[in-house]
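Spelled out from the first residue to the last, the chains are:
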Amino acid sequence: AAAAAAAAKKGPDGLDIPRFWFPPSTASPAAREQASAEQAELTSLASRHPGGIPSSEFKLVASKVGGYPSFFGPLLLERVSGDAAATVCLVAKVQQWWEANCRYQCPATRVFNLLKSPGTSCVTRENWKTGLACLLDTHPGLEFLKSTPEFQDRYLECVVERMFYTNCPGESDGMTLREMRKSNIPDVLLAVDEEPDINLINDYFSYEHFYVLYCKFWELDLDHDFLLDREDLIKLGNYSLTYRIVDRIFEGACRRITSGVPEKLGYLDFIWLLLSEEDKTSDTALRYWFNGVDLDGDGYIRPHEMEYFYKEQIHRMDCLAQEVIQFSDVLCQMSDMVKPQEEGKVSLVDLRKCGQAGIFLNVLFNLTKFIQSEQRDPNQIFHERATPELTDWDRYAKIEYARLSMEEEDGDVDGEWDAEGGAGGLVAMAVDSTT
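My aim in this report is to walk through the structure given alongside it, one point at a time. (Residues numbered from 1 in each chain as written. Predicted model: local features only at pLDDT ≥ 70, side-chain atom pairs only at ≥ 80, totals over all residues. Heavy atoms only, no water.)

Some details on the nonpolar core
- Core analysis: the largest hydrophobic core is formed by 117 residues, its most contacted members being Trp-128, Leu-132, Phe-205 and Phe-360.
- Dropping the residues within four chain positions of it, Leu-132 is found in contact with Phe-71, Phe-72, Leu-156, Val-159, Val-160, Met-163, Leu-189 and Phe-205. (Core = buried A, V, L, I, M, F, W, Y, C linked by side-chain atoms within 4.5 Å. Buried < 20%, exposed > 50% of the residue type's maximum accessible area, 1.4 Å probe, protein only. Contact = heavy atoms within 4.5 Å.)

Some details on the packing of helix H8 (residues 149-167) against helix H15 (residues 267-278)
- Across the interface, H8 lies against H15 with an axial gap of 10 Å and an inter-helix angle of 50°. In this view, H8 runs oblique relative to H15, as classed from their interaxial angle. Where H8 crosses over H15, the two elements pack in a sense that is right-handed. Counting all contacts with H8, which are made through Arg-154, Glu-157, Cys-158, Glu-161, Arg-162, Phe-164 and Tyr-165, the residues of H15 involved are Tyr-267, Leu-268, Ile-271, Trp-272, Leu-275 and Ser-276.
- When its residues are assigned to classes, the contact of H8 with H15 shows eight nonpolar, one polar and four charged. (Axes fitted to C-alpha atoms, helices over the stretch in contact; angles between N-to-C directions. Helix = DSSP H or I, 4+ residues; strand = E, 2+ residues; numbered from the N terminus. Parallel < 35°, antiparallel > 145°, perpendicular 65-115°, else oblique. Left-handed = near helix turned anticlockwise from the far one by under 90°. Nonpolar A, V, L, I, M, F, W, Y, C, P; charged D, E, K, R; others polar.)

Focus on the side chain of Ser-183
- Tracing the backbone through its elements, the reader meets Ser-183 in the loop between helix H9 (177-182) and helix H10 (185-194).
- The class for Ser-183 is buried, based on a relative accessible area of 13%.
- One polar contact links the side chain of Ser-183 to the main-chain amide nitrogen of Ile-185, over a distance of 3.2 Å. (Polar contact = N/O pair within 3.5 Å; in protein donor to acceptor, adjacent residues only side chain to side chain.)

Brief notes about the environment of Gln-152
- Position of Gln-152 among the secondary structure elements: in helix H8.
- Between the alpha carbons of Gln-152 and Leu-136 there is a distance of 7.1 Å; along the sequence they are 16 residues apart.
- Once residues lying within four places of it in the same chain are set aside, the contact partners of Gln-152 are Leu-136, Asp-137, Leu-145 and Lys-146.

Structural notes on the packing of aromatic side chains
- Per the stated rule, a full pass over the model turns up 23 aromatic pairs.
- Relative to Tyr-207, the ring of Phe-144 has its centre 4.9 Å away and its plane inclined at 90°; by these criteria the two rings are edge-to-face. With Phe-144 in the loop between helix H7 (125-138) and H8 and Tyr-207 in helix H11 (residues 207-220), this residue pair connects regions lying 63 residues apart in the sequence. Tyr-207 carries the same exposure label as Phe-144, and that label is buried.
- Directly above the ring of Tyr-308 sits Arg-244, whose terminal nitrogen or CZ lies 4.3 Å from the centroid.
- Looking at Lys-345, its charged tip hangs above the ring of Tyr-300, at a distance of 4.3 Å from the centre. (Phe/Tyr/Trp six-rings, centres within 6.5 Å; stacked < 30°, edge-to-face > 60°. Lys NZ or Arg CZ within 6 Å of the ring centre and 35° of its normal.)

A word on helix H3 (residues 58-65)
- Taken as a whole, H3 has its buried residues at Phe-58, Val-61, Ala-62 and Val-65. One side of H3 carries all its buried residues, which in axial view fall inside an arc of 115°.
- Elements in contact with the buried residues of H3: helix H2 (29-48), strand E1 (53-54), helix H4 (73-81), strand E2 (88-89), helix H5 (91-101) and helix H6 (107-115).
- Trailing H3 by a residue or two, Gly-67 shows a phi angle of about 75°, which is positive. (Arc of directions from axis to C-beta.)

Side note on the environment of Ile-198
- Structurally, Ile-198 can be placed in the loop between H10 and H11.
- Since its relative accessible area comes to 1%, Ile-198 is described here as buried.
- Sequence separation of Ile-198 and Leu-142 is 56 residues, and the distance between their C-alpha atoms is 7.3 Å.
- Excluding residues within four positions of it along the chain, Ile-198 makes contact with His-139, Gly-141, Leu-142, Tyr-155, Val-192, Phe-205, Ser-206 and Tyr-207.

Digging into the packing of helix H17 (residues 303-319) against helix H18 (residues 327-338)
- Packing of H17 against H18 brings their axes to within 10 Å, and their N-to-C directions diverge by 125°. With respect to each other, H17 and H18 are oriented oblique. For H17 against H18, the interelement crossing comes out right-handed. Here Pro-303, Met-306, Glu-307, Tyr-310 and Ile-314 of H17 come into contact with H18, specifically with Phe-327, Val-330, Leu-331 and Met-334.
- Class assignment of the residues belonging to the contact of H17 with H18 gives a composition of eight nonpolar, no polar and one charged.

Quick look at the structure:
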């Protein structure tokens, strides 16, 4: 019988194949070991607090029993007790919550179960804001924001929107369990909990990245109504985008506009735009710009659509006394660059595979970056190769943050910012908090 069982484990070629899938009712050895450690920690807490676990211990409950970052402690207490004002929670309730939502579960499922509202199947932006609110109160790298509640809100909006940008590229307002599992969010949350310098966490949470996004928006929003119109946006990057692609943005072709005001972009819309503009290698950015260039929405970029956008580039080259490259020559180069599966039809899959989608898109609607790609600085190439862990957005944000810091030190920042919700002075405060 033992021999028959051993033979059953072998593959068709007699190979001994290790078990690689565990049904939901069966936990892996690692999951069982983790559950035993968490149960032991919970038992220890119960022995120290037989009358119930106090709120002061819920950071420990979150990290040692739930496998969460410690700043989720207050939220975990609210979820387990069912009372936002609870100061103590019975051990039995913690045990019940852990068994239902944590035991044998992966980190993504645990976070998902904690954040989502009861009876729902996704984590909304508001769920995320509620869950991360405690981070603002406890993280040493964000302590300086406590004196500016408005910026706490803006920072939180930026963090959440970046999570959705990276992991939920569709139009939905909720993050599904599948999207959570495919993301790196659980690992990043734990890294934020352990790292006192928030700016070392480039994914989602960097204050410097938020500062760049917010200040770029503020620089364009001259009337400070927290909305951008076409004339505001066209100034982005020293008028680098063409009028035709800007029109497509405001038509909602690239992505549905969420500001609620016709013909206006809000702060959250701008986050998607700037992230897509400065890093055209991400899947979300490719989809964003592909939708904008695909005029008829048939899923392909065809020569007549490329020509529609490139005509404005020709006009710009002529105005700037640049050597004009005719569309017929550009079309041949772009076809060689992308190598579409079907001649004359560039699909989103083709752009993903070619590895040069950024150049392809810049040729059509960003003359500044098109020229820069033709005249690349060797030092820039060396720096990019020396820091492969950084994305194009990471590099852009680092340069822009340094520029904004210098302008603030020189007194070039708009003096009305602090009074009207601007970011003046927050660079210095951020620097002081990390030294």
